[in-house]
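What follows is the residue order along each chain.
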Amino acid sequence: SAVISQKPSRDICQRGTSLTIQCQVDSQVTMMFWYRQQPGQSLTLIATANQGSEATYESGFVIDKFPISRPNLTFSTLTVSNMSPEDSSIYLCSVNEKGAEGNEQFFGPGTRLTVL
Amino acid sequence: GNSVTQMEGPVTLSEEAFLTINCTYTATGYPSLFWYVQYPGEGLQLLLKATKADDKGSNKGFEATYRKETTSFHLEKGSVQVSDSAVYFCALRGTGGFKTIFGAGTRLFVKA
């Protein structure tokens, strides 16, 4: 199974600043995703990170606010721009990998962001 | 579109009690169904899954059966432990799809 690491694991940031979160996978994967989990809530898909092209954003999320890079098949970054307290969440990187029983999805440990 | 509805929490049980967390879904075709668990301060882990009707997923004493006739995938455990305290998410992935849709999550507290 894919092993996913994220940096930083947590951060406290000031309003108006930006934070870039890194996601590293120990194997090449086609599909990488970024999710947000707001306090006490479920996971919401932000975007699919496409290697070599622009990310595909879900409704309610835009590139200016959440720019994503995917330079190769093992790495992606998500930037949370011009942060406000409403951006305080856990941000999770996720990948799909072909397993013995079909596609399986794995999640990174998450980045816990607090915006003051 | 596809959606997942699961029972609201929190659910509070005593150790060794029987657990049921209800989950129903709306989807076209034959989605794959999942239960994920998130322990305090940790990331999301796959608990169990079922990919076709009447399949039973099981892991760590937890079970869930894919019921197409009732569009349900209820999570059960015969005897919970304090260490089972966590948030449980029901999820689905559509036929041929790659996006996972999550329910709202159910927080479980188990008292000693």
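Anyway, here's the lowdown on the structure attached to this text. (Residues numbered from 1 in each chain as written. Chains lettered and ligands numbered in written order. Predicted model: local features only at pLDDT ≥ 70, side-chain atom pairs only at ≥ 80, totals over all residues. Heavy atoms only, no water.)

Topic: the environment of Thr17 of chain A
Residues and elements named next belong to chain A. The test is simple: Helix and strand definitions here come from DSSP, where helices need a minimum of 4 consecutive H or I residues and strands a minimum of 2 consecutive E residues; each element is numbered from the N-terminal end. Any residue under 20% of the maximum accessible area for its type is buried, any over 50% is exposed, and the rest in between are partly exposed; the area is computed with a 1.4 Å probe on protein chains only. Note on contacts: a residue pair qualifies if any of its non-hydrogen atoms lie within 4.5 Å across the two residues.
With respect to the secondary-structure elements, Thr17 resides in the loop between strand 2 (10-13) and strand 3 (19-25). When its relative accessible area of 34% is taken as the criterion, Thr17 is described as partly exposed. In this structure, the C-alpha to C-alpha distance between Thr17 and Ser81, residues 64 residues apart in sequence, is 6.6 Å. Ignoring sequence-local partners within four residues, the contact set of Thr17 consists of Val80, Ser81, Asn82 and Met83.

Comments concerning the sheet that holds strand 7 (residues 68-72) of chain A
All names here are of chain A. This is how the line gets drawn: Two strands qualify as a pair provided that DSSP identifies no fewer than 2 bridges between them. Note on definitions: angles span 0 to 180 degrees between N-to-C directions of axes, and those axes are lines fitted to C-alpha atoms, for helices only across the stretch in contact.
With antiparallel pairing, the four strands of this open sheet are ordered in space as 1-3-8-7. Each end of this open sheet is capped by a strand with a single partner; those strands are strand 1 (4-7) and strand 7. Strand-to-strand, the axes of this sheet are offset by a mean angle of 15 degrees, without reference to chain direction. The sheet contact formed by strand 3 and strand 8 (residues 75-80) spans six bridges and is antiparallel. Across the sheet, Leu19 pairs through a bridge with Val80, a residue of strand 8.

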